[in-house]
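Chain by chain, the residues run as shown.
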Amino acid sequence: MKYLLQMPLVLFVSLVTLSATAQEVKWLSIEEAYAKSQTDTTPKKIFIDVYTDWCGWCKKMDKDTFQNEAVAAYMNEKYYMVKLDAEGKDPITFKDTEFKFISSGRNGYHELAAALLQGKMSYPTVVFLDESFNMLSPVPGYQKPDPFMNIAKYFGENIYKTSDWKTYSEQGK
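This report concerns the structure included in the present document. (Residues numbered from 1 in each chain as written. Predicted model: local features only at pLDDT ≥ 70, side-chain atom pairs only at ≥ 80, totals over all residues. Heavy atoms only, no water.)

Attention now moves to the pairing of strand S8 (residues 125-129). Along any regular strand, the residues point their side chains to alternate faces of the sheet. Counting buried positions along S8 gives 5 out of 5 residues, so the element sits mostly inside the fold. Neither face of S8 is exposed, since Thr125, Val127 and Leu129 on one face and Val126 and Phe128 on the opposite face are all buried. Pairing of S8 with strand S9 (residues 135-140), which is carried by 5 bridges, proceeds in the antiparallel orientation. Note that in S9 the partner of Thr125 across the bridge is Pro140. The hairpin formed by S8 and S9 contains 5 residues between the paired strands, and Phe133 there has a positive phi angle of roughly 70°. (Buried < 20%, exposed > 50% of the residue type's maximum accessible area, 1.4 Å probe, protein only. Helix = DSSP H or I, 4+ residues; strand = E, 2+ residues; numbered from the N terminus. Pairing = 2+ DSSP bridges.)

Next up on the list: the packing of helix H4 (residues 69-78) against helix H6 (residues 145-156). Relative orientation of the contacting elements H4 and H6 amounts to 15°, with a least axis distance of 10 Å. As summarised for this structure, H4 and H6 are arranged roughly parallel, according to the angle between their axes. For the element pair H4 and H6, the recorded crossing hand is left-handed. Here Ala70, Val71, Tyr74, Met75 and Lys78 of H4 come into contact with H6, specifically with Pro145, Phe148, Met149, Ala152, Lys153 and Gly156. A class-by-class count of the residues in the contact of H4 with H6 yields 8 nonpolar, 1 polar and 2 charged. (Axes fitted to C-alpha atoms, helices over the stretch in contact; angles between N-to-C directions. Parallel < 35°, antiparallel > 145°, perpendicular 65-115°, else oblique. Left-handed = near helix turned anticlockwise from the far one by under 90°. Contact = heavy atoms within 4.5 Å. Nonpolar A, V, L, I, M, F, W, Y, C, P; charged D, E, K, R; others polar.)

What follows concerns the pattern of salt bridges. Applying the stated criterion to the full structure yields 6 salt bridges. The salt bridge partner of Lys83 is Asp49, with a shortest N-O separation of 2.5 Å. Pair noted here: Lys83 is in strand S3 (residues 79-85) and Asp49 is in strand S2 (residues 45-51), with a separation of 34 residues, a long-range link. Overall, the relative accessible area of 22% leaves Lys83 in the partly exposed class. Judged by its relative accessible area of 2%, Asp49 falls in the buried class. The partner of Asp64 in a salt bridge is Lys60, and the shortest N-O contact between them spans 2.7 Å. With Asp64 and Lys60 both in helix H3 (residues 56-66), this residue pair falls 4 residues apart, about one helical turn. Taken together, the shared-partner salt bridges in this structure form one network comprising Asp49, Asp62 and Lys83. (Salt bridge = Lys/Arg side-chain N within 4 Å of Asp/Glu carboxyl O.)

A word on the sheet that holds S3. Strand order across the open sheet formed by 5 strands is S1-S3-S2-S8-S9, with mixed pairing between neighbours. The sheet is open, and its two edges are formed by strand S1 (27-28) and S9, each paired on a single side. Contacting S2, S3, S8 and S9, H6 crosses the sheet at an angle of about 20° to S8.

As structure tokens, then:
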């Protein structure tokens, strides 16, 4: 009986300890990322997670990939991490252009999401930008932690400047 009473306390302490050590991604708006890039002495690259509220694979990627401790630590170090709701209603000013929500069909879409995804509206899609907010590449689809880290390092370590993706990805096999 005494053991049964102590078990909830042990579980609670274990959960608190785990959550205290877990790394979390520090998500920003695109405006916040731009502001940080203007004031930081060594600006980072920009990573944008384009999602929708109804997307199950987006939620799975949040849980499995972005909450992975190694992924979160690496991404926080190398990138400004931006979340962008592809169906967000608020206007966003980016690179001196105002992007708005476009009502279309049942939900509509945000013009910035359409621009970043090059008109290919599939979710989740992540987008990598350089330190000057120039497009490196959109990457569509759910990514597990290990394949995602390969992609993140390809851009984060500037490997893309000296090696094409095919050569880089084949080296890891």
